[in-house]
Amino acid sequence: MTHSVRFAPSPTGYLHIGNLRPALFNWLFAQREGGRFVLRYDDTDTERSKREYADAILEDIRWIGIQPDEIARQSDRIALYDAAAERLRVTGLLYPCFETADELERRRKRRMARGLPPIYGREALALTEVERQAFEAEGRRPHWRFRLPNFRDDPMQPERTEVHWDDVVRGRQTVDLASLSDPVLIREDGTYLYTLPSVVDDGEMGITHVLRGDDHVTNTGVQIALFEALDYRAPAFGHFNLLTTIDGEGLSKRTGALSLRSLRADGFEPMAVASLAVLTGLSGSIEAMPSLEALGERLNFDGVSASSSKFDPAELTRLNADLVHAMPVEVVAERLLEWGVPDSDLAPFWSTVKGNLSKVPDAQEWAAIVYGDARADQAFNDEDAAFLRTAFDLLPPAPFDRSTWKTWTDAIKPATGRKGKGLFMPLRLALTGLDHGPELAELLPLIGRERALQRRP
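Read on for a plain summary of the structure. (Residues numbered from 1 in each chain as written. Predicted model: local features only at pLDDT ≥ 70, side-chain atom pairs only at ≥ 80, totals over all residues. Heavy atoms only, no water.)

Brief notes about helix H2 (residues 51-64)
The α-helix advances 3.6 residues per turn, and as a result positions three or four apart in sequence lie on the same side. In this model H2 runs 20 Å from its N-terminal to its C-terminal C-alpha over 14 residues, within 8% of the 20 Å that 1.5 Å per residue would give. By the burial criterion, the buried members of H2 are Tyr53, Ala54, Ala56, Ile57, Leu58, Asp60, Ile61, Trp63 and Ile64. Once H2 ends, the next one or two residues include glycine 65, with phi positive near 120 degrees. (Helix = DSSP H or I, 4+ residues; strand = E, 2+ residues; numbered from the N terminus. Expected span 1.5 Å × (residues − 1). Buried < 20%, exposed > 50% of the residue type's maximum accessible area, 1.4 Å probe, protein only.)

Put into structure tokens, the structure is as follows:
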């Protein structure tokens, strides 16, 4: 049997790193098992779903390296959901309810006051046809609930009904259907909530494994009952921990926090983002994986933490820097050329500066420093200015190589009496405009004698 998984985001905003976690868990699992990965847009919320978000989702996961085997939109599959809903209506498993939100809240409070669980009491099942018509005459439109199989003879007398499954991640799981309200599947305006389209699509598409966040554990009991009611084979389920901020707050597409779009614009490498999304909350250290294949080898469902995983965005910078420091020049050559690095200097320039970078775009600043015009924004006191004039008078002749820096400083020391930081820092500031950076022995040959002399105060 071919393993089939799906990633079903709602195109109501841009993907963030927390959304990427289930996408990668599913895609890496499919790759490992030689299976199929479906990108399925949950876009039945017509007011909030936008095509621009759907396009951005596809662009973002492709940036990471995920290539869907199939793309589907639930908005194109409404006829399937209509047919499934009608099957449930005919069998009495989908029934109309006319309560307003206020009425439901008052009933919930009354049940709690009586020491009963705050679930829906199925009052709508007791309505007569005359009462239903009266509600409709008032202008009320019903929402439709799925009657859970949690009773023996009388649906008004639910009793403990356990649904079990062997969770791929969490092991044996149990949900008591008597502790749950009959879920609303269809809103008053006739649009579908998440549950029915998801079950129908999983059944029709032959999805074999549903891997998702552990906020869906309770939903699974309901969905297994719905799979059975529609004569679909239920898939295997796996629920993994969610990512939260370091303060324990959840992530949201609506805020745009840590969106893949913004992370890409900020110059982060896709494998740094993917590594953090997957490895946070897994056993072992969080390291920058060089490829999705290597990341897939680290994905072990037995090593997933049972609690939510807090991640520190600072970790992303560390992982990204590790990737940049190990990156061969061939990967960045095109960008370096765009930033003004001569073709003949690509390898030595990248070798010199990459150890000081946390992101590849940071190299653009160093390209401007090395190959740009003299920096005019440095102000030196009289003593340092005099020192620098003497130092630049001693600048060795061209051509420069790695030994030039030592030759130059060896000449400066006896001529000025300076050494250590008093010697090196003014030279660094004059040559680069910064008080930190790569070794000047490596930078000086790239700057060259002509540009170095232009930076003389």
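Describing the sheet that holds strand S1 (residues 4-7)
Here three strands make up an open sheet; going across it, the order is S1-S2-S3 and the pairing parallel. Bordering the open sheet on either side are S1 and strand S3 (70-73), each of which pairs with just one other strand. Going across the sheet, the axis of each strand differs from the next one's by a mean of 25 degrees, ignoring polarity. Its contacts with the sheet place helix H1 (residues 17-33) against S1 and strand S2 (36-41), and it is angled at close to 165 degrees to S1. Packed on one face of the sheet, H2 meets S1, S2 and S3 and runs near 155 degrees to S2. (Pairing = 2+ DSSP bridges. Axes fitted to C-alpha atoms, helices over the stretch in contact; angles between N-to-C directions. Contact = heavy atoms within 4.5 Å.)

Here we look at the side chain of threonine 195
Checked against the element boundaries, threonine 195 lands in helix H6 (residues 195-205). Residues within four places of threonine 195 in sequence aside, it is in contact with Leu185, Gln223 and Leu226.

Quick notes on unusual backbone geometry
A cis amide bond links alanine 398 with the next residue in sequence, proline 399, at an omega value of 0 degrees. Within the secondary structure layout, proline 399 lies in the loop between helix H15 (382-393) and helix H16 (404-416). With a phi close to 60 degrees, arginine 122 is a non-glycine residue in the positive phi region. The topology assignment puts arginine 122 in the loop between helix H4 (101-113) and helix H5 (129-137). For arginine 122, a relative accessible area of 3% translates into the label buried. In this structure, aspartate 231 is a non-glycine residue whose phi angle is positive, near 60 degrees. Within the element layout of this structure, aspartate 231 appears in the loop between helix H7 (217-229) and strand S10 (236-240).

Remarks on the nonpolar core
Considering soluble globular proteins, one finds that nonpolar side chains tend to be buried as a cluster. Among the nonpolar cores identified, the biggest contains 50 residues, and Leu24, Ile64 and Val273 are the most heavily contacted of them. At the level of elements, S1, H1, S2, H2, helix H8 (260-265), helix H9 (270-279), helix H10 (292-298) and helix H11 (313-325) are the ones that each hand at least two residues to this core. Here this core gets nine residues from one element, more than from any other, and that element is H1. If sequence neighbours within four positions are ignored, valine 273 has contacts with Ile17, Leu20, Trp63, Ile64, Leu260, Leu263, Phe268 and Leu316. (Core = buried A, V, L, I, M, F, W, Y, C linked by side-chain atoms within 4.5 Å.)

Some words on the pattern of salt bridges
Overall, the coordinates contain 30 salt bridges when judged by the stated rule. Between arginine 160 and aspartate 176 there is a salt bridge, and its shortest N-O distance comes to 3.1 Å. Taken together, the residues arginine 160 in the loop between strand S5 (143-146) and strand S6 (162-167) and aspartate 176 in strand S7 (residues 171-176) connect sequence positions 16 residues apart. Look at arginine 160 and you get exposed, because its relative accessible area is 57%. Among the charged side chains, a salt-bridge network with shared partners connects Arg6, Arg40, Arg77, Asp201 and Asp202. (Salt bridge = Lys/Arg side-chain N within 4 Å of Asp/Glu carboxyl O.)

Looking at the sheet that holds S5
Here three strands make up an open sheet; going across it, the order is S4-S5-S8 and the pairing antiparallel. Each edge of the open sheet is held by one strand with a lone partner, namely strand S4 (94-97) and strand S8 (184-186). On average, adjacent strands in this sheet sit at an angle of 45 degrees to one another, irrespective of strand direction. In this structure, S4 lies alongside S5, joined through four bridges in antiparallel fashion. Directly across from leucine 94, in S5, lies its bridge partner phenylalanine 146.

What about the pairing of S5?
The alternating pattern of S5 places His143 and Arg145 and Trp144 and Phe146 on opposite faces, both of which are buried. The sheet contact formed by S5 and S8 spans two bridges and is antiparallel. Its bridge partner being in S8, arginine 145 is matched across the sheet by valine 184.

Side note on the pairing of S1
The two faces of the sheet receive side chains in turn, since in a regular strand these alternate between them. Residues Ser4 and Arg6 of S1 are buried on one face, and the alternating residues Val5 and Phe7, pointing to the opposite face, are buried as well. The pairing of S1 with S2 spans four bridges and is parallel. Following the sheet pairing, arginine 6 is matched in S2 by valine 38. A crossover links S1 with its parallel partner S2, the connecting element being H1, and its sense is right-handed. (Right-handed = clockwise from strand over helix to strand, strands pointing away.)

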